[in-house]
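# Structural overview for review
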Amino acid sequence: MLNSIIIMGRLTADPELRSTSSGLSVSSFTVAVDRNYVRSGEEKKTDFINVVAWRQQADFVSKYFRKGSMIAVQGSLQTRNYEDKNGNKRVAYEIVADQISFCGSKSESGTYNNEATNASSYNNSSADDFSSVVDDDDLPF
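Residues numbered from 1 in each chain as written. Predicted model: local features only at pLDDT ≥ 70, side-chain atom pairs only at ≥ 80, totals over all residues. Heavy atoms only, no water.

### A few points about the overall build of the chain
To be explicit about the condition: Runs of H or I in DSSP of at least four residues are treated as helices and runs of E of at least two as strands, each being numbered from the N terminus. Relative accessibility under 20% of the residue-type maximum defines a buried residue, over 50% an exposed one, and the middle range a partly exposed one, all with a 1.4 Å probe and only protein chains included. Any two residues having at least one pair of non-hydrogen atoms within 4.5 Å are treated as being in contact. Note on areas: Shrake-Rupley with a 1.4 Å probe; residue coverage comes only from the protein chains shown.
Counting its regular elements, the chain contains 3 helices and 6 strands. Each helix and strand of the chain, placed in order from N terminus to C terminus, yields the pattern β-β-β-β-α-β-β-α-α. Buried positions account for 32% of the 141 residues belonging to the chain. The long-range fraction of contacts in the chain, counting pairs at least 24 apart against all pairs at least 6 apart in sequence, stands at 60%. Accessible surface, the chain: about 9,000 Å² in total, of which carbon and sulfur atoms supply 44%.

Below you can see the structure in the form of structure tokens.
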């Protein structure tokens, strides 16, 4: 069986870094991903996808990415069942990140420096692999 997903988009807010009671780093963030297909006469649609990163990935994303940063995430889709505060049963869908990569240009993000470039060892992509794919004019923020 295969459960693999890759997304590229912009962070809607700064990543939130927390620690579990056992000391593991965990970061959660949302990525705005534009849909490729647009029907004529309609505006481009955007999906907002929740992502969770653990351990070194959590530290990496929290240190080098900010709201509006272009990011690529490779991971697996996970579902969680829970009850909301009104007792209604809910399902949450999120990506559990395996790899996180820079996507924007160095001048765009302002986060690139030698330390950031060295830290990108948490991913297998170079920093500019996806830079030609981005159309900033259609972002919702």
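Next comes the rest of the account.
### With respect to the pattern of salt bridges
Note the following rule: Salt bridges are identified by distance alone: a Lys or Arg side-chain nitrogen within 4 Å of an Asp or Glu carboxyl oxygen.
Tallying each qualifying case throughout the model produces 4 salt bridges. The salt bridge partner of Asp-47 is Arg-35, with a shortest N-O separation of 2.9 Å. Of this pair, Asp-47 sits in strand E4 (residues 46-54) while Arg-35 sits in the loop between strand E3 (25-34) and E4, placing them 12 residues apart in sequence. By relative accessible area, which is 28% here, Asp-47 ends up partly exposed. Residue Arg-35 is classed as partly exposed on the basis of its relative accessible area, which comes to 39%. Ionic pairing is found between Glu-42 and Lys-45, a salt bridge with its closest N-O pair at 4.0 Å. Assessed through its relative accessible area of 38%, Glu-42 is described here as partly exposed. The exposure class assigned to Lys-45 is partly exposed, which follows from its relative accessible area of 43%.

### Quick notes on a nonpolar patch on the surface
Stated formally: Distance thresholds for patches are 9 Å for like charges and 5 Å for nonpolar side chains (Val, Leu, Ile, Met, Phe, Trp, Tyr), applied to residues having over 30% relative accessible area and no salt bridge.
Where nonpolar side chains cluster on the molecular surface, the patch consists of Leu-77, Val-91 and Tyr-93 and spans about 300 Å² of accessible area. With relative accessibility at 42%, the residue Val-91 sits in the partly exposed group.

### With respect to the packing of aromatic side chains
Counted only if it meets this: In summary, the pairing rule links any two rings of Phe, Tyr or Trp, Trp by its six-membered ring, whose centres are within 6.5 Å, and it sorts them by plane angle into stacked for under 30 degrees, edge-to-face for over 60 and tilted for everything else.
One pass over the full model with this rule turns up 5 aromatic pairs. Connected via pairs of aromatic rings, a cluster forms that spans Phe-60, Tyr-64, Phe-65 and Phe-102.

### Quick word on the environment of Thr-20
Heads up, the condition is: Any N or O atom pair separated by 3.5 Å or less is treated as a polar contact, with the protein-specific requirement of one donor-capable and one acceptor-capable atom, and with residues adjacent in sequence counted only for side-chain atom pairs.
Counting through the fold element by element, Thr-20 comes out in the loop between strand E2 (16-19) and E3. Owing to a relative accessible area of 25%, Thr-20 belongs among the partly exposed residues under this scheme. A polar side-chain atom of Thr-20 sits 3.1 Å from a polar atom in the side chain of Ser-22.

### Quick look at the environment of Ile-95
Structurally, Ile-95 can be placed in strand E6 (residues 89-102). Between the C-alpha atoms of Ile-95 and Ile-5, which are 90 residues apart in sequence, the distance is 7.7 Å. Every residue in contact with Ile-95, bar those within four places of it in the chain, is listed here: Ile-5, Ile-7, Ile-49, Asn-50, Val-51, Val-52, Val-73, Gly-75 and Ser-76.

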